[in-house]
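Fold and contact review
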Amino acid sequence: MQTFDLVGIGVGPFNLSLAALAEPTGMKSLFLEKNACFSWHPGLMLPNGSLQVSPLKDCVTLADPTSPYSFLNYLSVHRRLYSFINKHGANTSRREFADYYSWVARQLASVRFGEEVTDVAPCDEGFYISTPAQRYIARSIVLGIGVEPQIPDCARHWLGSAVCHAAHFLDQPEIGYGERVMVVGGGQSGAEIVEHLLGLPDIGQITWITSRGNLFAMDESSFVNESYLPSYSQYFQSLPLGRRRAIVADEKLTSDGISAALSNRIYELMYERCHVEGRSDHIRVVSNVCMTNIMPSKQRWKVLVKSQATDVEREMTVDRVILATGFRPRRSPFIEKIIRHARMEDGLPVMRDDYSVEFNQTMKGKVYLQNRSRVQHGLQSVNLSLVAYRNSRIVNSVLGRHFYPEIPDSQLLNQLDSFRETPKAGNLRPVEVDCASMRLA
């Protein structure tokens, strides 16, 4: 059996970044993925889909700006760096970023596709990693098997071409003439699908429902985005778990809303349809309701929705239902088998600041979790913004030394730390902004 310093299980954006950052360190690493090639939500690669973070928050740049696996080098290699800079806006489409990820994956010898991990078990040297092909020994492992669609219970039995999750939207038959379509969910995925539907000339009525009180835009202002810097991440991890839970709930719209540009585009399209074209019944938006039941009815679907304000229920008949209802961490028997030995706090595994799990018993190697510490490490842990920083911490932890710098960039709001931590309102000190120097005094 081959022995590796680190074995990554699953190759999505998070573990792909880790593989790229591990390559120049000299550690012996292996990353195993069951799919035949890199895949990043292919059913959601809509023509209008754009990346919600800066493309500089790629696999490597914020940890190693000189890496050959950066998005800028991808642009240069494909001879479109000048064109990218010259186009309006500094962002990129999700389709281009998916192609960037695939380009990185093809270059990394440590990444192995088409090999599914079937079991993980502790051993004297760390962990046995079993696949149908062979068995490996890993001194440490990083679990990054990604997410799976979150399906409402009332829709689970009816999944197919007419009732599908947004993750599989592009895999379904094209929407036919006059079809009435319901989109469930008021986040970015639901909004992108609604914009796509509004561009179909032959579609019938579009019904967009959300349990939220409104179609809230994502809060992505510069001050709010300070929460997605390494220094804030370190501060967040120092807080009691209960306080971290409250912050995650309070800051949800910093990552889970609709981009303002997309929200405004949809509103303009609705205005054009309703007031200029006179098609007031083309699209209807219903907020503050939840879907409580769905059932087939004469080749259509009856959907029961309930007002969260009045408890009044209403039945709607549609031809197709698209569930933009989010994702949850993918479940796996071998992950659950390992995590059940972890030290728990309020129902969650305790995790160190290097993203490794604390166990009740002595383990020969470390277990790192990707995209599974929303409360322990904050919304930053499930967002692309800190992927390079997070993985640089994991690399340093595996090596036992600082291969990548541990000191994060300075943060304009750092001097608010004592303000945040002061428990009594009477002790709060005023915060003044020195506009001339752009520093908090």
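Rules used in this analysis
- Here the residue numbering is sequential within each chain, running from 1 through the sequence in written order.
- Where local features are concerned, this predicted model is filtered to residues with pLDDT of at least 70; where side-chain atom pairs are given and counted, the filter is 80 or more; whole-chain, interface and lining totals use all residues.
- Water and hydrogen atoms play no part in the side-chain values, which are based on all heavy atoms of the structure.
- For helices the rule is a DSSP run of H or I covering at least 4 residues; for strands it is a run of E covering at least 2, with both sets numbered from the N terminus onward.
- C-alpha atoms define the radius of gyration in this analysis, and the globule rule sets the expected value at 2.2 Å times the number of residues to the power 0.38.
- Relative accessible area decides the class of each residue, using a 1.4 Å probe on protein chains only: under 20% of the type maximum gives buried, over 50% gives exposed, and in between gives partly exposed.
- The contact criterion used throughout is that any non-hydrogen atoms of two residues lie within 4.5 Å.
- A pair of strands counts as paired when DSSP detects no fewer than two bridges linking them.
- Think of each axis as a best-fit line through the C-alpha atoms, taken over the contacting stretch in the case of a helix, with angles from 0 to 180 degrees between the N-to-C directions.
- Each crossing gets its handedness from the near helix: less than a right angle anticlockwise from the far helix is left-handed, clockwise is right-handed.
- When the strands point away from the viewer and the path from the first strand over the helix to the second turns clockwise, the crossover is right-handed.
- Only Phe, Tyr and Trp rings take part, Trp by its six-membered ring, and two of them pair if their centres are within 6.5 Å. Stacked means planes under 30 degrees apart, edge-to-face means over 60, and tilted covers everything else.
- The rule for a charge over a ring is simple: NZ of Lys or CZ of Arg within 6 Å of the ring centre, and within 35 degrees of the ring normal.
- Each patch is built from residues lacking any salt bridge and having more than 30% relative accessible area; the joining distance is 9 Å for like charges and 5 Å for nonpolar side chains (Val, Leu, Ile, Met, Phe, Trp, Tyr).
- All accessible-area figures derive from a Shrake-Rupley calculation using a 1.4 Å probe, and residue coverage is judged against the displayed protein chains alone.
- One speaks of a salt bridge when a side-chain nitrogen belonging to Lys or Arg is within 4 Å of a carboxyl oxygen belonging to Asp or Glu.

This part is about the overall build of the protein chain. For the protein chain, the count of helices and strands is 12 helices and 21 strands. In summary, the protein chain has a C-alpha radius of gyration of 24 Å against a globular reference of 22 Å for 441 residues, a match within 12%. Seen along its three principal axes, the alpha-carbon backbone of the protein chain occupies a region of about 65 × 60 × 50 Å. Looking at the protein chain as a whole, 49% of its 441 residues qualify as buried. Counting contacts in the protein chain only where the partners sit at least 6 residues apart, residues at least 24 apart contribute 69% of the total.

Right, let's talk about the sheet that holds strand β11 (residues 283-286) for a bit. The strand order across the open sheet built from five strands is β8-β15-β9-β10-β11, with neighbouring strands paired in parallel fashion. A strand with exactly one partner marks an edge of an open sheet, and here the two such strands are β8 (163-165) and β11. On average, adjacent strands in this sheet sit at an angle of 15° to one another, irrespective of strand direction. When strand β9 (residues 181-184) meets strand β10 (residues 206-209), the two strands line up parallel, connected through four bridges. Bridging from a neighbouring strand, Val-181 pairs with Ile-206 of β10.

Here we take up the packing of helix α6 (residues 188-198) against helix α9 (residues 260-276). To characterise two packed helices, one gives the angle between the axes of the helices and the distance between these axes. Running from amino to carboxyl end, α6 crosses α9 at an angle of 35°, the nearest separation of the two axes being 10 Å. The two elements α6 and α9 cross, and the hand of that crossing is left-handed. Of the residues in α9, those touching α6 at Gln-188, Ala-191, Glu-192, Val-194, Glu-195 and Leu-198 are Leu-262, Arg-265, Ile-266, Leu-269 and Arg-273.

Moving on: the sheet that holds strand β12 (residues 289-297). Pairing is antiparallel across the open sheet formed by three strands, whose spatial order is β12-β13-β14. The open sheet is flanked by β12 and β14 (313-318), the only strands paired with a single partner. Strand after strand, the sheet turns through a mean of 25° between neighbouring axes, direction not considered.

A few words on the pairing of strand β2 (residues 29-33). Counting buried residues in β2 gives five out of five residues, a clear majority hidden from the surface. With four bridges connecting them, strand β1 (residues 2-9) and β2 associate as parallel partners. Across the sheet, residue Ile-9 finds its bridge partner in β2, namely Leu-32. Read from β1 through helix α1 (residues 13-22) to β2, the crossover connection turns out right-handed. Summarising the sheet, β2 and strand β3 (residues 111-113) pair through three bridges and their orientation is parallel.

Turning to the packing of aromatic side chains, a few remarks are in order. Here a ring pair, both rings aromatic, is described through the centre-centre distance and the interplanar angle of the planes. Under the counting rule described, the total for this entry stands at 17 aromatic pairs. Between Tyr-74 and Trp-103 the ring centres are 5.5 Å apart and the planes differ by 65°, which places this aromatic pair in the edge-to-face class. You can see Tyr-74 sitting in helix α2 (residues 71-77) and its partner Trp-103 sitting in helix α4 (residues 94-107), a full 29 residues away along the chain. On the basis of an interplanar angle of 75° and a centroid distance of 5.0 Å, the ring pair of Phe-97 and Tyr-101 is categorised as edge-to-face. Here Phe-97 and its partner Tyr-101 are both found in helix α4, four residues apart, which amounts to about one turn of the helix. The burial state of Phe-97 is the same as that of Tyr-101; both residues are buried. Lying over the aromatic face of Phe-4, Lys-28 brings its terminal NZ or CZ to 5.0 Å of the ring centre. Here the basic side chain of Arg-135 rests over the ring of Tyr-128, its NZ or CZ set 4.0 Å away from the ring centre.

Residues Tyr-267, Tyr-271 and Val-276 make up a contiguous nonpolar surface patch of about 370 Å² in total accessible area. Following the sequence through the fold, Val-276 ends up in helix α9.

What follows deals with the pairing of β14. The sheet contact formed by strand β13 (residues 300-307) and β14 spans six bridges and is antiparallel. Note that in β14 the partner of Trp-301 across the bridge is Val-318. Here β13 folds back onto β14 in antiparallel fashion, the turn holding five residues, of which Asp-311 has a positive phi close to 65°.

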